[in-house]
Amino acid sequence: MRLYLASTSPARRALLAQTGIEPVLVAPGVDEDAAVAAAATSLGRDLTGPELVAMLAVAKASAVADAPVDGDPVDGFVFGGDSAFEVDGVLYGKPHDPEVARERWRQMLAAGGGTLWSGHCVVDRRQAADAPDALDAPNVLDAPDPGPGGAGRAGTVPPVRTVDASGGGPLGAAAFVAGVAPGGSAMVADGDQVVAVDSAVLTFADDMSPVEIDAYVATGEPLEVAGAFTIDGRAAAYITRIDGAPSAVVGLSLPVLRSMLLRGFGIAWHDLWAL
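Okay, so let's go over this structure. Keep in mind it's a predicted model, so treat the numbers as computed, not measured.

### Description of the overall build of the chain
Okay, so step 1: Helix and strand counts for the chain come out as seven helices and nine strands.
Okay, so step 2: Restricting the contact set of the chain to residue pairs at least 6 apart, pairs at least 24 apart contribute 71%.
Okay, so step 3: Accessible area of the chain: about 11700 Å², with a carbon and sulfur share of 51%.

What follows is the structure, given as structure tokens:
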């Protein structure tokens, strides 16, 4: 069973590889800033963290699912993911610039921590004629509709809710996972796709000095990652606590991805292992 990763992120690829999965990497070519701006304009407000990461995850997965890869149609599952870090109601993406990274670290340390939002979308593009939609897969765990959001409590993977993405307005299916509380998660299915948001609450060391901030930023590591830090790199020493899946902080929640495949499509995690 083939998994296409709609990303060129080394961190996401490494996460999957260490669990025995060798994905096919495909750059999605999504203009993230333009997509977010268009959605915000349609809504008349800024996107929340769950909305933003879920919408971009869907955009990335859809872009790869509907395009040929090396001249051939996609045959398997496509995963798209996105991350954003929220501190005191402000969403932090990639800082790009060293001074921006320094300022974000000052703000994050002043707040003491924040919430990492991780968006996920899996699209079924198996070429077998009898491949079921997410709504028809035998292992979907039906649950009553608790209304928009359907957030799972912290530390759990929620059941899959079936939705009609057309009812989500400009956000599509992402609108139905928007009510997740920090530390919680939500998962919905619509046709041939499953969309989920997971989150983790991080606490930073309260004795990190300006000298340490400068030294970390000077490595270049925080410039191209959401939140200006990586838990699987040098910043690990500055993070004292994680409430949630550690893999979500790296780039995708492995427990949530496993459940999306199993509950949404009846696919066991080991079916994707590269044996």
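### Details of helix H3 (residues 49-65)
Residues lying three or four places apart along an α-helix face the same way, a consequence of the helix completing one turn every 3.6 residues.
Okay, so step 1: Relative to the 24 Å expected for 17 residues at 1.5 Å per residue, H3 spans 24 Å between its end C-alpha atoms, a close match to the ideal helical length.
Okay, so step 2: Most of H3 sits inside the fold, with 14 of its 17 residues counted as buried.

### So, the nonpolar core
Okay, so step 1: Leu16, Phe85, Trp105 and Phe229 are the most contacted members of the largest nonpolar core, which has 46 residues in total.
Okay, so step 2: Ranked by the residues each element gives to this core, the list is headed by helix H7 (residues 254-265), at six residues.
Okay, so step 3: Residues within four places of Trp105 in sequence aside, it is in contact with Phe204, Met208, Ile213, Tyr216, Pro222, Ala228, Phe229, Ala235 and Tyr238.
Okay, so step 4: Counting 36 residues, the second largest nonpolar core, distinct from the first, contains Ala6, Leu56, Val78 and Ala84.

### A few points about the pattern of salt bridges
Okay, so step 1: All told, the structure shown has 13 salt bridges when counted by the stated rule.
Okay, so step 2: Of the charged contacts in the structure, one is a salt bridge between Asp82 and Lys60, with a shortest N-O distance of 2.9 Å. In this pair, Asp82 is assigned in strand S3 (residues 76-87) and Lys60 in helix H3, connecting sequence segments 22 residues apart.
Okay, so step 3: Among the residues examined, Lys60 registers a relative accessible area of 6% and is labelled buried.
Okay, so step 4: For Glu99, the salt bridge identified is with Arg102, shortest N-O distance 3.2 Å. With a gap of three residues between them, Glu99 and Arg102 both fall in helix H4 (residues 98-111), about one helical turn apart.
Okay, so step 5: Note on Glu99: relative accessible area 41%, which makes it partly exposed.
Okay, so step 6: According to the relative accessible area criterion, Arg102 is partly exposed, its value standing at 21%.
Okay, so step 7: Residues participating in the shared-partner salt-bridge network are Glu99, Arg102, Glu103, Arg106 and Asp214.

### Describing the side chain of Asp82
Okay, so step 1: Classification of Asp82 by relative accessible area gives buried; the value is 6%.
Okay, so step 2: There is a polar contact of 2.9 Å between the side chain of Asp82 and the side chain of Lys60.
Okay, so step 3: In contact with Asp82, not counting residues within four places along its chain, are Arg12, Glu32, Leu52, Val53, Leu56, Ala57, Lys60, Trp117, Ser118 and Gly119.

### Topic: the packing of aromatic side chains
When we look at a pair of aromatic rings, we describe it by the centre distance and by the angle of the planes.
Okay, so step 1: Per the counting criterion, the structure on display carries nine aromatic pairs.
Okay, so step 2: When the ring of Phe85 is compared with that of Phe204, the centres are 6.0 Å apart and the planes differ by 75°; the resulting orientation is edge-to-face. Residue Phe85 is found in strand S3, and its partner Phe204 is found in strand S8 (residues 193-204); the two are separated by 119 residues along the sequence. No difference in accessibility class separates Phe85 from Phe204, as the two residues are buried.
Okay, so step 3: Look at Tyr216 and Tyr238: their rings are 6.0 Å apart centre to centre, the planes differ by 70°, and that puts the pair in the edge-to-face class. With Tyr216 in helix H5 (residues 210-218) and Tyr238 in the loop between H5 and strand S9 (239-243), this pair connects stretches of sequence that are 22 residues apart. For the pair Tyr216 and Tyr238, one class covers both residues: buried.

Conventions used here
Every chain's residues receive numbers from 1 upward, in the order its sequence appears when written. With pLDDT at 70 or above as the cut-off, local features in this predicted model cover only qualifying residues; side-chain atom pairs require 80 or more to be listed or tallied, and sums for whole chains, interfaces and linings still use all residues. Side-chain metrics rest on all non-hydrogen atoms present in the structure, leaving aside hydrogens and water. Numbered from the N terminus, helices here are DSSP runs of H or I no shorter than four residues, and strands are runs of E no shorter than two. Whether two residues are in contact is decided by their heavy atoms, any of which lying within 4.5 Å being enough. Residue-level accessible areas treat just the shown protein chains as cover; the underlying method is Shrake-Rupley with a 1.4 Å probe. Here a helix's expected span is defined as the number of its residues, less one, multiplied by 1.5 Å. Summary of the burial criterion: residues with accessible area below 20% of their type's maximum are buried, those above 50% are exposed, and those between are partly exposed, where the area comes from a 1.4 Å probe applied to protein chains only. Joining through side-chain atoms within 4.5 Å is the link that ties buried Ala, Val, Leu, Ile, Met, Phe, Trp, Tyr and Cys residues into a set, and such a set is a nonpolar core. The term salt bridge refers to a side-chain nitrogen of Lys or Arg lying within 4 Å of a carboxyl oxygen of Asp or Glu. As used in this structure description, the phrase polar contact means that two N or O atoms lie within 3.5 Å; if the pair is within protein, one of them must be able to donate a hydrogen and the other to accept it, and residues adjacent in sequence are counted only when both atoms belong to side chains. Two aromatic rings, drawn from Phe, Tyr or Trp (for Trp, its six-membered ring), form a pair once their centres lie within 6.5 Å of each other, and the interplanar angle then sorts them: stacked below 30 degrees, edge-to-face above 60, tilted otherwise.

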